[in-house]
4 protein chains.
Amino acid sequence: MLKIGIIGCGRIGRVHCKSIAHLVPEAEVAAVADPLMNDEIKAFARQFGIKRFYEDYHEILEDKGIDAVLICSPTDTHSEISIESACAGKHIFCEKPIDRDIGRIRKVIDAVRMAGVKFQVGFNRRFDSNFKAVRDAVATGKIGDVEIIKITSRDPAPPPPEYIAVSGGMFLDMTIHDFDMARYISGSEAVEVYAAAAVMVDSAIGEAGDVDTAVVTVKLANGALAVIDNSRRAAYGYDQRAEAFGSLGCVSISNNTNSSAVLSTSKGVCGEKPLYFFLERYLQSFGDEIKAFAQAAAGDTDTPVGLEDGLAPVLMALAAKKSAAEHRPVRISEIEQP
Amino acid sequence: MLKIGIIGCGRIGRVHCKSIAHLVPEAEVAAVADPLMNDEIKAFARQFGIKRFYEDYHEILEDKGIDAVLICSPTDTHSEISIESACAGKHIFCEKPIDRDIGRIRKVIDAVRMAGVKFQVGFNRRFDSNFKAVRDAVATGKIGDVEIIKITSRDPAPPPPEYIAVSGGMFLDMTIHDFDMARYISGSEAVEVYAAAAVMVDSAIGEAGDVDTAVVTVKLANGALAVIDNSRRAAYGYDQRAEAFGSLGCVSISNNTNSSAVLSTSKGVCGEKPLYFFLERYLQSFGDEIKAFAQAAAGDTDTPVGLEDGLAPVLMALAAKKSAAEHRPVRISEIEQP
Amino acid sequence: MLKIGIIGCGRIGRVHCKSIAHLVPEAEVAAVADPLMNDEIKAFARQFGIKRFYEDYHEILEDKGIDAVLICSPTDTHSEISIESACAGKHIFCEKPIDRDIGRIRKVIDAVRMAGVKFQVGFNRRFDSNFKAVRDAVATGKIGDVEIIKITSRDPAPPPPEYIAVSGGMFLDMTIHDFDMARYISGSEAVEVYAAAAVMVDSAIGEAGDVDTAVVTVKLANGALAVIDNSRRAAYGYDQRAEAFGSLGCVSISNNTNSSAVLSTSKGVCGEKPLYFFLERYLQSFGDEIKAFAQAAAGDTDTPVGLEDGLAPVLMALAAKKSAAEHRPVRISEIEQP
Amino acid sequence: MLKIGIIGCGRIGRVHCKSIAHLVPEAEVAAVADPLMNDEIKAFARQFGIKRFYEDYHEILEDKGIDAVLICSPTDTHSEISIESACAGKHIFCEKPIDRDIGRIRKVIDAVRMAGVKFQVGFNRRFDSNFKAVRDAVATGKIGDVEIIKITSRDPAPPPPEYIAVSGGMFLDMTIHDFDMARYISGSEAVEVYAAAAVMVDSAIGEAGDVDTAVVTVKLANGALAVIDNSRRAAYGYDQRAEAFGSLGCVSISNNTNSSAVLSTSKGVCGEKPLYFFLERYLQSFGDEIKAFAQAAAGDTDTPVGLEDGLAPVLMALAAKKSAAEHRPVRISEIEQP
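Everything quoted here is computed from the prediction, not taken from an experiment. (Residues numbered from 1 in each chain as written. Chains lettered and ligands numbered in written order. Predicted model: local features only at pLDDT ≥ 70, side-chain atom pairs only at ≥ 80, totals over all residues. Heavy atoms only, no water.)

Some words on the state of the cysteines
Using the criterion set out here, one finds two disulfides over all chains in the structure. Two residues, A:Cys270 and C:Cys270, share a disulfide whose sulfurs are 2.0 Å apart. When the S-S torsion is 115 degrees, as for the bridge of A:Cys270 with C:Cys270, the disulfide is right-handed. Of the two residues, A:Cys270 is situated in strand S14 (residues 268-271) and C:Cys270 in strand S14 (residues 268-271); the pairing between them involves two chains. The cysteine A:Cys87 is free of any disulfide, with A:Cys94 supplying the nearest cysteine sulfur at 14 Å. You can call A:Cys87 exposed: its relative accessible area is 64%. (Disulfide = S-S within 2.5 Å. Helix = DSSP H or I, 4+ residues; strand = E, 2+ residues; numbered from the N terminus. Buried < 20%, exposed > 50% of the residue type's maximum accessible area, 1.4 Å probe, protein only.)

Section: the packing of aromatic side chains
Applying the stated criterion to the full structure yields 38 aromatic pairs over all chains. Clustering of aromatic rings is evident, with ring pairs tying together A:Phe131, A:Tyr238, A:Tyr276, A:Phe277, A:Phe278, A:Tyr282 and A:Phe286. The ring of A:Phe245 has D:Arg154 sitting right over it, with the charged end atom 4.1 Å from the ring centre. (Phe/Tyr/Trp six-rings, centres within 6.5 Å; stacked < 30°, edge-to-face > 60°. Lys NZ or Arg CZ within 6 Å of the ring centre and 35° of its normal.)

Quick look at the pattern of salt bridges
All told, the structure shown has 108 salt bridges over all chains when counted by the stated rule. With its nearest N and O atoms 3.6 Å apart, the salt bridge here joins B:Asp155 to B:Arg232. Here B:Asp155 is found in the loop between strand S7 (146-154) and helix H7 (161-167), whereas its partner B:Arg232 is found in the loop between strand S10 (225-231) and strand S11 (239-246), with 77 residues between them in sequence. The two residues B:Asp155 and B:Arg232 agree in class, both being buried. For D:Arg154, the salt bridge is made with D:Asp229, and the minimal N-O distance between the two is 2.7 Å. Of this pair, D:Arg154 sits in strand S7 (residues 146-154) while D:Asp229 is found in strand S10 (residues 225-231), placing the two residues 75 residues apart along the sequence. You can call D:Asp229 buried: its relative accessible area is 2%. (Salt bridge = Lys/Arg side-chain N within 4 Å of Asp/Glu carboxyl O.)

Looking at the domain arrangement of chain A
Residues and elements named next belong to chain A. Each assigned domain of chain A is listed here: domain 1 (2-117) and domain 2 (126-276 + 313-335). Centre-to-centre separation of domain 1 and domain 2, based on C-alpha positions: 28 Å. The partner domain 2 presents ten residues to the six residues of domain 1 that form the contact. For the domain 1 and domain 2 pair, buried surface summed over both sides reaches about 650 Å², with 66% attributable to carbon and sulfur atoms. When the buried area of domain 1 at its contact with domain 2 is split by residue, Lys96, Arg100 and Ile102 rank highest and sum to 80% of it. Between the two partners, domain 1 and domain 2, sit zero salt bridges. Viewed at the interface, domain 2 and domain 1 are joined by three residue pairs in polar contact (both at pLDDT 80 or more). (Domains from an automatic or database assignment. Contact = heavy atoms within 4.5 Å. Buried area = accessible area lost by both parts, 1.4 Å probe. Polar contact = N/O pair within 3.5 Å; in protein donor to acceptor, adjacent residues only side chain to side chain.)

Points about the side chain of B:Glu243
For B:Glu243, the position within the fold is in strand S11. Overall, the relative accessible area of 7% leaves B:Glu243 in the buried class. In this structure the side chain of B:Glu243 is engaged in a polar contact, spanning 2.8 Å, whose partner is the side chain of C:Arg154. Non-local contacts of B:Glu243, meaning those with residues more than four positions away in its chain, are made with B:Ile148, B:Ile149, B:Lys150, B:Cys250, B:Val251, B:Ser252, C:Arg154 and C:Arg241.

Side note on the sheet that holds strand S3 (residues 52-54) of chain A
Neighbouring strands of a sheet are bound in pairs by backbone hydrogen bonds; such pairs are parallel or else antiparallel. Residues and elements named next belong to chain A. With parallel pairing, the six strands of this open sheet are ordered in space as S3-S2-S1-S4-S5-S6. In this open sheet, the two strands that pair with only one neighbour each are S3 and strand S6 (119-121). Mean inter-strand twist for the sheet, computed between neighbouring axes without regard to direction, equals 25 degrees. Of the strand pairs in this sheet, strand S1 (residues 2-7) and strand S4 (residues 68-71) are connected by four bridges, and their pairing is parallel. Paired with isoleucine 4 across the strands is alanine 68, a residue of S4. Strands in contact with helix H11 (residues 283-298) are S1, strand S2 (27-33), S4, strand S5 (91-94) and S6; relative to S5, the strand with the most contacts, it is inclined by about 165 degrees. (Pairing = 2+ DSSP bridges. Axes fitted to C-alpha atoms, helices over the stretch in contact; angles between N-to-C directions.)

Points about the interface of chain D and chain A
Listed by partner, the interface residues are 36 residues for chain D and 36 residues for chain A. Interface area, chain D with chain A, both sides summed: about 3,000 Å², of which 63% is carbon and sulfur. Ranking the residues of chain D by area buried against chain A places D:Tyr194, D:Met200 and D:Phe245 at the top, with a combined share of 17%. Put simply, chain D and chain A have eight salt bridges between them. Of the charged contacts, one joins A:Glu243 and D:Arg241 as a salt bridge, the two residues approaching to 2.9 Å between their closest N and O atoms. Contributing elements (two or more residues each) for the side of chain D that touches chain A: S7, strand S8 (190-198), strand S9 (213-220), S10, strand S11 (239-246) and strand S12 (249-253) of chain D. Looking at the side of chain D that touches chain A residue by residue, the classes come out as 16 nonpolar, ten polar and ten charged. (Nonpolar A, V, L, I, M, F, W, Y, C, P; charged D, E, K, R; others polar.)

Quick word on the sheet that holds strand S4 (residues 68-71) of chain B
All names here are of chain B. Ordered by their spatial adjacency, six strands build an open sheet running S3-S2-S1-S4-S5-S6, and the pairing between neighbours is parallel. Both outer strands of the open sheet, strand S3 (52-54) and strand S6 (119-121), are each paired with one neighbouring strand and no more. The average undirected angle you get between the axes of adjacent strands in this sheet is 25 degrees. Both S4 and strand S5 (residues 91-94) contribute to a ladder of four bridges, which runs parallel. The residue of S5 that forms the bridge with valine 69 is isoleucine 92. Docked against the sheet, helix H1 (residues 11-23) engages strand S1 (2-7), strand S2 (27-33), S4 and S5, running at close to 160 degrees with respect to S1.

What to know about the interface of chain C and chain B
With 36 residues of chain C at the contact, the number on the chain B side is 36 residues. There are eight salt bridges connecting chain C and chain B. Salt-bridge contacts for B:Glu243 lead to C:Arg154; the nearest nitrogen and oxygen are separated by 2.8 Å. Inspection of the region where chain C meets chain B yields twelve residue pairs in polar contact (both at pLDDT 80 or more). Listed by contribution, the elements that provide at least two residues to the side of chain C that touches chain B are strand S7 (146-154), strand S8 (190-198), strand S9 (213-220), strand S10 (225-231), strand S11 (239-246) and strand S12 (249-253) of chain C. Split by residue class, the side of chain C that touches chain B holds 16 nonpolar, ten polar and ten charged.

Structure below.
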């Protein structure tokens, strides 16, 4: 039984508390830390049998009975807590991104390798049955050599302006999942990125220095082209589709709904809107990623989403940002070098 | 916290053990009874924190700390255990059917009413999001007055001949769920049943005196017509669809799959087969029905699937059996009367 | 070049005028007869190069230059004109049904056989690419032995009461196409029919002695069961679907639309309604049936929909009518015998 | 009745012969010219009642009885014949592209304007019911302000190397239709193009100096982004899809098939492949574009696809070519200027 400490008990930390209780019998949450620890958090956690609560996550790091941590704190603390956790000998599951700074990610990589602990980054979509089906079709050769990958990723509604300000920008905050999917589906690395981006949804986003709509083209090392289209707002809900096209065919996935009901009336033939947002759409995958982490942490296998998987999409996001700013294709090697 | 005793720890009893642990925080399984109690059952149950094990279910009935029972034993024991449980003051969740004999079902009804305990019968499909969407479209008037209901229900493969022998026949064993769906979707009661049935799948089924393929037409009290088509074998897997047609339109549902992936190759444009069988297809609904039972047992509300819902589909099944045998439409009133 | 005379220039007669001009280069319409011949009909026909017009169809029968007739007059004249046409040595394409009376159909059969002319009945759905695909899947063994056939056939709106009065009733007027489809798809003949029918759409239909909603079960000679559901009114338009299920799988077709456009908005994910009614939905098939007739008439092959195909669905319709009236399954042999 | 002369009687010239005979009653083909005129062409044309045949198209231009020409000759003759036809006072339908050289297109524009004849360019997809439905949804505001347009256009198989050599390259030969669709759907003009392109299908295409796979991003004057993905080979057939996304929703279209049949077996749930290639897929649109041309030529209205529509996609194609060669986004204004 893997003993887990959760660092940060906001929205995603709570999703993991619940998932571990319900879906991961091989692990249990021994303690939760949050600088804003209060009765509401305690009441939430006690439902799942969690008994120890801290304001300071260092108490988790010092607890010899805890084997692993889930880092669910704000993004700008991920790399520091990761390094401290590695030094404390804890296995680490860290929400994405590890950091927005390549230098700090490299320090995490060094610390984790030195400590010899397991590390997994929170790219949950790899555990979703739709995206897995696309990747599996590619990996097993069903579409031959992959040539074009298309990813549509649109949020139902933009985040509040104050979130935009600390998000690192759309490419690092939102597209980063799609960059991970391009690598996951293709089994190849990005070589160059071209981003056409604009503010179409909310001028406040533009005023905060960010974009809300983009079409990003990625050249991959295996020669394939990937194209991602993003919007911070889709009137019909969370739009999460992908397609891989190759020498022998094409595999595509569509959105998930609450039911398959189709209503035919004088107005048309209508199905349901997609599941509203990531908590609804990817609920199962949040459980499955932690289950996979617990199994890797308890065993001899590597985690399925490792340190390199934490670095590469950040490089792609930074290249996209630079491409949009400089209005030209940008090679990953331009970002990568110290 | 509702304390539950599970009587019978075969396939469906175990589904409920697991569901309660993962999906029903308001209940816990205090004890499990099975005449074939052994180390394997105990090991299974201990995973979910269950600690008390009996061979004789009467020990559960005598346990004052237990509030409710789930009756997951063989069908021919359902009515007797239900009556004993009612007398012991336990709330009852009983797998379908309550009994194959109308007289014994009436005795259960009397005993439960006398004892004043809550009773729910295991028609899990009412908790499935697809079937709920059809019912809701009807109930909220989206299709106007319902006129035609169509239910397709085909198993992936026939049960073994020894199961057929004790099953009570296809109408009582398999179609009974579809009869429940006809009532649930229409919100109306059956008046008359006509069953055209045959042996097309396996001659051993015919030799056991049963049928494996049927088209059953039901006239409902509200004037609507329902038609159910059944087969004990569908090469492509478990086929579970329904459609309700009315004065303002039509609502229909299709099968669920593991992913929405569609593979286009020189051979065609192919999606996945339906989820294999009821344990895969209806997993969520098994949890949700127990959750609803636990909430009703703990509170002041009625269970969502009560005694009458346990009786009516058995009447319909017996009418279908008589119709197929006598080659004529049979009225429910012919079956109902003592 | 086959010279055709069209007898009756109402809605369907005009469809054929147009089809022959546009889609059947191997035939031309030499003359049109209609008891209500007027300038409007002439103007319509002249568009397609038609130059001879008669009030009395006998002039067509007497014209040695005409090889074949299309009988598009009211149903109650079909059998008489068919017999006269056969005696005149003309090949015959007759709209469905040949007659509503079995005795008169038999006389047509005798006359046509005696004369040795080609005869085709207007079951156009056999030429529709959807229904052909179902039949072909069955005929080529793709679904193994056929076990269940399901046909949904719903009109967008009921005909006017005055049409009902002369229509022969829903089974002979509307369901007859579905009976033909059951035979066409299965490649087998009906043995017994059970019809559950009611008036749900328009009480005026009931007052005219007819029904507007039905579920009809047909037992076929090869052991398969077919079920047809009909309504005279579907709020979303013409609903024309079918499904054949067998030992190796299932083939199904859905409705045709003007485009595949799907609009996703805050209200849902909506496609178009089906093509409005038979003239829109089956336009191509009306041309293809005449093309097939012209080729058979000009060559040594049989027509693809012959005399027996004209008789059998009428027997089924009469059995359905009797079944609904007598509230019991009715064997075709009860209708068939003189 | 508009009298038409067809110049060039290869594949597309013949499609138009046939369409005019069957679908365009307001026009007739008076003569056909082809430098390779022979008995086979004459036999083909005579089926449709065409009686005059020339080797030299000037005879058509000199014929006072001919009102309009369809220019279906090789691409490198389009502009010259267009200019001569305009001078001869004929209305002109010219297959796409008018020319691959901007200067020569401008000369055609001048000549046509000077002569005051009607001019239509053969962008047939504007007449396809799927693409029209996308455009109409945008034009009527159903998706709000358009933000992202996605067009997938993949041929079933690459053309022979000798065709590649004279084709002007993929962007001018194939993508040109997609560029037209981006303008048609958005109702806006391209400002800048970025093309990522490669040889993935056939190295002979690369040796001929062309590409066979591309992802092209277009910035439009209204601020929207369009992305086109192309391949010269799709194992499953001709892939012709589009999607428009905007502030209020999204509209998308899928491929057309011969039937809607879905076959469910132990191997999966499979539909048909798309209609094979443009002659099958766009048959109806070829007729409808000529019908629209004939109506404009005979009346006072403009043609629906005019001179500017002939120029703009060529500018986009040349920008794409330059972008791929120079590996940077290219503005239309760089191409446009003399």
